[in-house]
Amino acid sequence: MATPRQAADGGALETRGLERILEALKLLLSPGGSGSSSLQITKHDILLATLKSNLSALEDKLLKDPHWKKLKLLRDEIANKAEWAQNSVDVTWSFTSQTLLLLLCLKETMIHLAADFNPGKPNPRTPEAAPALSPDTLSISQQKTVQSVLQFVVTLGVCPYLMPGVGVPLRYRTEFGAVVQDVVCLDVAPDATRRLYTSCRVLLNVAQHASLGSLIFCRHFGDIAAGLCQLGFCPTKRKPLKPEEEVLTEEERALSREALRNILDQIYQPLAVRELLILQGGPPQSCTDVKTQVRCRAPAWLRRLCGQLLSERLIRPSGVQAVVRGILEGAGAGAAGGSDAEATAADWKKCDLTAKILASCPQQSLSPEDYYRDICPQILDLFHFQDKLTARQFQRVATTTFITMSREHPQLAAKYLLQPMLAPLHRCLNTAEIPESDVVPGTILVTEEELSRCIEDVFKVYVVGNEPSTVLVDSLLPVLGVLFSLYCFTKQGVSHIRSLCQEILLWILGKLERKKAIASLKGFAGLDKSVPSLHCLCHFRAATQGGIMITIKEAICDEDEDEALYQKVSSEQCQIEHLGDLLSHCQECGLAGDFFIFCLKELTCVAEEHEAELKTKPFSSKSLLELEQHQTLLVEGQEQKLLVLQLVAVLCERMSEQIFTNITQVVDFVAATLQRACASLAHQRESTVESQTLSMSMGLVAVMLGGAVQLKSSDFAVLKQLLPLLEKVSNTYPDPVIQELAADLRITISTHGAFSTEAVSVAAQSTLSKKDPQGKIEGQQQISRERSTDVSHSHLTQQQSREKSNETDLKSNAPLIPQEVSEPSTTTNQKSGSITTEQLQEVLLSAYDPQIPTRAAALRTLSCWIEQREAKALEMQEKLLKIFLENLEHEDTFVYLSAIQGIALLSDAYPEKILLGLLTQYDSGKDKHTPETRMKVGEVLMRIVRTLGDSLPDCCG
């Protein structure tokens, strides 16, 4: 047995041997020179001369230096055991062979050093001291030397012998690689395939040492894998070869295949995936000449092989994560996110590519269902990484994979992806069967972590993915009731999942068909008991870590029945209020308006129920069970009615004025109001509130017909739905004002606005004044009023041309349209010089009419005549100016803007006279003018100045 001193001496000798090997490797890598100054010497000649010189220097050192004797013996021993040709006419292969031998010497020396190492016991007095390093540990400089050697071995011994399309060609890597490709001689022994086999086998032998293996595979795994693919899987010639002509035996090919699978299993899997993707290559690319050609496409056998190997990586444990990391890290994300992780996360193309790979069933799987069963749990795990940068990439891939799988295999995606994700919510549905063992008060059905993870995953898949496919929407429908109950519970305190629940509910309500969305809202409000909801035995509780969990309720004692009833009523009240808050975010899409109309229709149904239906029949013919069932139905009916009333009250309180987003909703609202009024009349239950509501709803129709909204022919088709109800109101309602308004609205709708009575105009003005008594919205209605007047003129003109032969009938129906409004608008389109004095006087009188539409129409007609240079109108320009100036004082925007337009047109015809008169009148009465009047006159002056421009009279200077 060796003494400690002998062991120490042996270790020192081995250490010196390690240093000697590294010194020999450095000698092989020494840069050389040609010794000649001739410019004709090429890079190829320099490389060959350097390799020869370094080989000669190494041999001289081994033969002449006594300190290198032990290294020479070790090298010769390994060379004698080697089974490959070490010498060749090709100096590049001779150099590669000697380098491979030295690497094997390095491996053997490091193994002996590690075997003889005895670190000894640690000193308890200095526990903080670092443990002694193993003597086979390479320093940083030594690692760099080994890495340089490996670079030469791969460049000279592997890459030149790869077939076109296998791996990345040398000439496209570095300038040195292009030189090597040209100096390697493939026509001399040994054969190129034998050289490739030797290099790969020796490198794999050296890689059996852990530290050397990490240096080899970290940078050169792709090239070694490419060589093994070619050696083991490249198709051979069809004709059988003679034994003496066969380069590789079948056994050697089998060893290559086995070696490839072994290193693929041992290597860092994302690295394996990345290199296989590189080997598989992309689509074919065009090639030109040799100097500019791009990389050739991988051969078909290699593409099939890489696809098979990638599929095997995918279906392994954690294979999904390996594939995702391999693709994203290969795109520049880095091992743990990297500096370019943000850019990678934003690149949806890479995420789509990864999702497409994950969603495609590989050929190795027995069936798509088997593949989905194995792969889907791993896809769900992609959502739950803690590192922020990595998590962002993985979540995007997982979300896109969800969508892709749901699109390509909806049934399998629902079974293996969506159901496991939504399982915590399904567990506590009222349709679920809770095991008897769990029906114990306080039992936790869903833990805090499960519920939080479920809600976060649902948010990522549905809201972030934003793909309203049928399978995704249908899978979420059954658990909406539980989601809404959870949302209501989060509103009671602080919770990080409140906003997630709200976004999920808003997303699904916006994507559902309107009927299904209304049905879901009915379930939230408790109006539809058939909608799945939270199980009666379950309730939410605050968890210890600040989250929420679902547990079994405590049993209710007889003494606590009142408290339980109070809790039930207050909970329902809170749910209604929270539903109102939720719907306040659904106004733009129109869902809030549709649900409000639905509630109004439910109120109508309540009003239509006859009192006799609530009276019970004689009890003599009923059993006690039937009586109890009957009373239960009555109580449930009353609860439904109270819920409807409560819903309407909350919605009226929470919704804004923009709850209705289109004409159809307004018409439906008016129709619901009219139906309720008719129902009340049928049961003789008229009230003041009912009359006011009816007046308001018909006032909305009058406002629309009066020009507040630009109506199209399709809008009038919708409005015609009100005709039967308006006729019924006009015939049966006791209030004569409402009767008249209903009849007039019916006529106006039937004629598409061509005929309008004074009652309609008054109702429109009354409704607008109630909505804005101080006239704050007049400016907002300015444009719509101007448009409506033009539309009214057009309607009336077209109607007159169609009904010219029935002019007598039109005049006999004077109450339908005031003559003052209709005649000026008809004369507007007459040719110049065609107006009569009577027509002019009539329009002048209409300019002082108290009715705003009549006055505004008259002012517009006068402006139109001035613009058309009507002689009779221009003759009385001073009177017209006075009329326009007096109407400037009017408070209605429509009127004074019409007056401003008339003054501006007059100034265009008689600029100096009109401008002087305006300035004189304004200056003489400026003390008594209100600020509003001064502002209006200022606007007139501004329009005149803008119109006249450089032709402005000198008097204004």
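Residues numbered from 1 in each chain as written. Predicted model: local features only at pLDDT ≥ 70, side-chain atom pairs only at ≥ 80, totals over all residues. Heavy atoms only, no water.

Draft legend 1. Just the overall build of the chain, in detail. The secondary structure content of the chain amounts to 42 helices and 3 strands. In the chain, the proportion of contacts linking residues at least 24 apart, taken out of those at least 6 apart, comes to 74%. (Helix = DSSP H or I, 4+ residues; strand = E, 2+ residues; numbered from the N terminus. Contact = heavy atoms within 4.5 Å.)

Draft legend 2. Here's a closer look at the pairing of strand 3 (residues 548–552). Summarising burial for strand 3: 5 of the 5 residues are buried, a large majority. Here strand 3 shows a buried face lined by Ile548, Ile550 and Ile552 and a second buried face lined by Met549 and Thr551. Bridging between strand 1 (residues 444–446) and strand 3 involves 2 bridges; their strand directions are antiparallel. Its bridge partner lying in strand 3, isoleucine 444 is registered against threonine 551. As judged from the 5 bridges shared by strand 2 (residues 538–542) and strand 3, these two strands associate in the antiparallel manner. Directly across from histidine 539, in strand 3, lies its bridge partner threonine 551. Linking strand 2 back to strand 3 in an antiparallel pair, the connection comprises 5 residues, with glycine 546 at a positive phi of about 90°. (Buried < 20%, exposed > 50% of the residue type's maximum accessible area, 1.4 Å probe, protein only. Pairing = 2+ DSSP bridges.)

Draft legend 3. Representation of the nonpolar core. In this structure, Tyr462, Leu476, Phe595 and Leu719 are the most contacted members of the largest nonpolar core, which totals 219 residues. No other element matches helix 4 (residues 91–115), which puts 12 residues into this core. Excluding residues within four positions of it along the chain, tyrosine 462 makes contact with Leu418, Met421, Leu422, Glu467, Leu472, Val473, Ser475, Leu476 and Trp507. Among the nonpolar cores identified, the runner-up in size contains 34 residues, and Leu840, Leu874, Ile900 and Leu905 belong to it. (Core = buried A, V, L, I, M, F, W, Y, C linked by side-chain atoms within 4.5 Å.)

Draft legend 4. How the structure looks around unusual backbone geometry. The peptide bond linking alanine 189 to proline 190 adopts the cis configuration, its omega dihedral lying at -5°. Turning to its location among the elements, proline 190 is positioned in the loop between helix 6 (175–183) and helix 7 (192–206). Of note in the backbone geometry, asparagine 466 takes a positive phi value of approximately 50° without being a glycine. Checked against the element boundaries, asparagine 466 lands in the loop between helix 18 (448–464) and helix 19 (470–476).

Draft legend 5. Geometry of the layout of surface pockets. The computed volume of the largest pocket comes to approximately 1900 Å³. Along the walls of the largest pocket sit 48 residues, with Lys553, Lys568, Ser571, Glu572 and Gln575 positioned nearest its centre. If you list the elements that add at least two residues to the lining of the largest pocket, you get helix 20 (480–490), helix 22 (514–525), strand 2, helix 23 (561–583) and helix 26 (624–654). Looking at which element gives the most residues to the lining of the largest pocket, the answer is helix 23, with 13 residues. (1 Å grid on protein atoms, 1.4 Å probe; cavity = no way out; pocket = protein on both sides within 12 Å on 5 of 7 lines; lining within 4 Å. Points joined across faces, edges and corners; volume = space filled by probe spheres on them.)

Draft legend 6. Inspection of the packing of aromatic side chains at higher detail. Here the structure, examined in full by the defined rule, presents 14 aromatic pairs. Between the aromatic rings of tyrosine 462 and tryptophan 507, the centroid separation amounts to 5.7 Å while the plane-to-plane angle is 70°, which identifies the pairing as edge-to-face. You can see tyrosine 462 sitting in helix 18 and its partner tryptophan 507 sitting in helix 21 (residues 498–511), a full 45 residues away along the chain. Here tyrosine 462 and tryptophan 507 have matching classes, each one buried. (Phe/Tyr/Trp six-rings, centres within 6.5 Å; stacked < 30°, edge-to-face > 60°.)

Draft legend 7. Spatial organisation of the confidence of the model for the chain. When pLDDT is averaged along the chain, the result is 78, and 78% of the positions lie at 70 or above. Here residues 283–293 scores under 50 on pLDDT; set against residues more than four positions off or in separate chains, the count is 11 contacts. Every residue in residues 773–833 is under pLDDT 50, and counting partners more than four places away or in other chains gives 80 contacts. (pLDDT = per-residue confidence, 0-100.)

Draft legend 8. Region of interest: the sheet that holds strand 1. Across the sheet, which stays open at both edges, the 3 strands sit in the order 1-3-2 with antiparallel pairing between neighbours. Only two strands of the sheet have a single partner each, and these edge strands are strand 1 and strand 2. Looking at each pair of strands side by side, their axes are set apart by 45° on average, direction ignored. In this fold helix 20 packs onto strand 2 and strand 3, with an angle of close to 35° to the strand it touches most, strand 2. (Axes fitted to C-alpha atoms, helices over the stretch in contact; angles between N-to-C directions.)

Draft legend 9. Fine view of the environment of leucine 425. Counting through the fold element by element, leucine 425 comes out in helix 17 (residues 410–426). With 58 residues separating them along the chain, leucine 425 and leucine 483 place their C-alpha atoms 7.9 Å apart. Each residue touching leucine 425, except ones within four places of it in the same chain, is listed here: Leu451, Cys454, Val479, Val482 and Leu483.

Draft legend 10. Expanded view of the pattern of salt bridges. This model, assessed by the stated rule, comprises 26 salt bridges. Aspartate 76 is the salt-bridge partner of lysine 72, the closest N and O atoms lying 2.9 Å from each other. In this pair, lysine 72 and aspartate 76 are both assigned in helix 3 (residues 69–81), 4 residues apart and thus about one turn of the helix distant. For glutamate 369, the salt bridge is made with lysine 415, and the minimal N-O distance between the two is 3.1 Å. Residue glutamate 369 is located in helix 15 (residues 368–381), and its partner lysine 415 is located in helix 17; the two are separated by 46 residues in the primary sequence. Taking relative accessible area as the criterion, glutamate 369 reaches 29% and is therefore assigned partly exposed. Each of Arg261, Asp265, Glu312, Arg313 and Arg316 takes part in one network of salt bridges that share partners. (Salt bridge = Lys/Arg side-chain N within 4 Å of Asp/Glu carboxyl O.)

Draft legend 11. Just the environment of phenylalanine 894, in detail. By the secondary structure assignment, phenylalanine 894 is in helix 40 (residues 893–909). For the pair formed by phenylalanine 894 and alanine 857, sequence separation is 37 residues and the distance between their alpha carbons is 9.5 Å.

Draft legend 12. Geometry of the packing of helix 15 against helix 17. Running from amino to carboxyl end, helix 15 crosses helix 17 at an angle of 25°, the nearest separation of the two axes being 9 Å. Judged by the inter-axis angle, helix 15 sits roughly parallel to helix 17. Crossing hand, helix 15 versus helix 17: right-handed. Residues Pro368, Glu369, Tyr372, Arg373, Cys376, Ile379 and Leu380 of helix 15 form the contact with helix 17, whose participating residues are Leu412, Ala413, Lys415, Tyr416, Leu417, Pro420 and Met421. Counted by class, the contact of helix 15 with helix 17 contains 11 nonpolar, no polar and 3 charged residues. (Parallel < 35°, antiparallel > 145°, perpendicular 65-115°, else oblique. Left-handed = near helix turned anticlockwise from the far one by under 90°. Nonpolar A, V, L, I, M, F, W, Y, C, P; charged D, E, K, R; others polar.)

Draft legend 13. Quick look at the packing of helix 8 (residues 210–233) against helix 9 (residues 250–266). Two elements in contact, helix 8 and helix 9, have axes whose closest approach is 8 Å; the angle formed by their N-to-C orientations is 145°. Seen along the crossing, helix 8 lies across helix 9 with a hand that is left-handed. When helix 8 is examined against helix 9, the residues Phe217, Phe221, Ala225, Leu228, Cys229, Leu231, Gly232 and Phe233 are found in contact with a partner set consisting of Arg253, Ser256, Arg257, Ala259, Leu260, Arg261, Ile263 and Leu264. In terms of residue class, the contact of helix 8 with helix 9 is made up of 11 nonpolar, 2 polar and 3 charged.

Draft legend 14. Layout of helix 22. With 12 residues, helix 22 should reach 16 Å at 1.5 Å per residue; the first-to-last C-alpha distance of 16 Å fits that figure. Taken as a whole, helix 22 has its buried residues at Ala517, Ile518, Ser520, Leu521, Phe524 and Ala525. Angular distribution of buried residues about the axis of helix 22 spans 160°; they occupy a single face of the element. Count one or two residues on from helix 22 and you reach glycine 526, which has phi positive near 90°. (Expected span 1.5 Å × (residues − 1). Arc of directions from axis to C-beta.)

Draft legend 15. View of the environment of leucine 741. Positionally, leucine 741 belongs in helix 31 (residues 736–750). Classification of leucine 741 by relative accessible area gives buried; the value is 10%. Here the alpha-carbon distance between leucine 741 and threonine 757, two residues 16 residues apart in the chain, equals 9.0 Å.

Draft legend 16. Fine view of helix 15. The end-to-end C-alpha distance of helix 15, which contains 14 residues, comes to 20 Å, matching closely the 20 Å that a straight helix rising 1.5 Å per residue would cover. The sharpest bend along helix 15 reaches about 35° and sits at isoleucine 375, with the proline proline 377 one to four residues further on. The set of residues buried in helix 15 consists of Tyr371, Tyr372, Ile375, Cys376, Gln378, Ile379 and Leu380. (Bend = angle between axes of the 7 residues up to and from the residue.)

Draft legend 17. Spatial organisation of the state of the cysteines. For the coordinates displayed, the defined rule picks out 0 disulfides. In this model cysteine 200 remains outside any disulfide bridge; the closest cysteine sulfur is found in cysteine 159, 9.6 Å from its own. Exposure remark for cysteine 200: the relative accessible area of 0% places this residue in the buried category. The thiol of cysteine 652 is not disulfide-bonded; the next cysteine sulfur, from cysteine 599, is found 9.3 Å away. (Disulfide = S-S within 2.5 Å.)

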